[in-house]
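Remarks on the overall topology
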Amino acid sequence: CEREFNLHYWHTMRAQAEQDPIEAAMQFSVPREIMWQLLDVSIDEIETLVLSLRPEHHVVDVHSLEAISMLIEADASEHE
């Protein structure tokens, strides 16, 4: 379940990065270089990229969790 959440988190981060990578880096508290890497890999390679990052980027911090939950809620309300 945690692995699936993390993958969903990174896929959501990538979707945000496709809109505006610099804003997404700030929203998710992730260095811009990681955003550019995230945009460069295929969807199927995201998990491999995440596993190759330093351990502190594997763990979702509280601020990022809050940001992701707001994005997911906003996305869900748009589809209602």
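Placed above this text is the structure.
Let me begin by describing the structure that accompanies this report.

Reading the values: the criteria
Per chain, the residues get numbers from 1 upward, laid out in the order the sequence is written. The predicted origin of the model limits local features to residues at a pLDDT of at least 70 and limits the giving and counting of side-chain atom pairs to 80 or more, whereas totals for whole chains, interfaces and linings rest on all residues. Think of the side-chain values as coming from all heavy atoms in the structure, minus any hydrogens and water. Remark: nonpolar core denotes a set of buried residues (Ala, Val, Leu, Ile, Met, Phe, Trp, Tyr, Cys) joined through side-chain atoms within 4.5 Å. The rule is simple: take the accessible area with a 1.4 Å probe, protein chains only, and divide by the maximum for that residue type; under 20% is buried, over 50% is exposed, in between is partly exposed. Numbering goes from the N terminus for both helices and strands, where a helix is a DSSP run of H or I of at least four residues and a strand is a run of E of at least two. For this analysis, residues touch if any pair of their heavy atoms sits within 4.5 Å. Here a pair means two rings of Phe, Tyr or Trp (six-membered ring of Trp) with centres within 6.5 Å. Their orientation is stacked below 30 degrees between planes, edge-to-face above 60, and tilted elsewhere.

1. Focus: the nonpolar core
Formed by 17 residues in total, the largest nonpolar core has its most connected members in Trp-10, Met-13, Phe-28, Met-35 and Leu-38. Breaking this core down by element, the ones donating at least two residues are α1 (2-19), α2 (21-27), α3 (32-40) and α4 (46-52). Sorting elements by how many residues they give to this core places α1 first, with four residues. Leaving out residues up to four positions away in the same chain, Leu-38 has contacts with Trp-10, Met-13, Arg-14, Ile-46 and Leu-49.

2. Let's talk about the packing of aromatic side chains
This model, assessed by the stated rule, comprises two aromatic pairs. Between Tyr-9 and Trp-10 the ring centres are 6.3 Å apart and the planes differ by 75°, which places this aromatic pair in the edge-to-face class. Taking relative accessible area as the criterion, Tyr-9 reaches 3% and is therefore assigned buried. Residue Trp-10 is classed as buried on the basis of its relative accessible area of 2%. Summarising the aromatic geometry, the rings of Tyr-9 and Phe-28 are spaced 5.5 Å apart at their centres and angled 80° between planes, so their arrangement reads as edge-to-face. On the criterion of sequence distance, the pair formed by Tyr-9 in helix α1 and Phe-28 in the loop between α2 and α3 is long-range, its members being 19 residues apart. Each member of the pair, Tyr-9 as well as Phe-28, is classed as buried.

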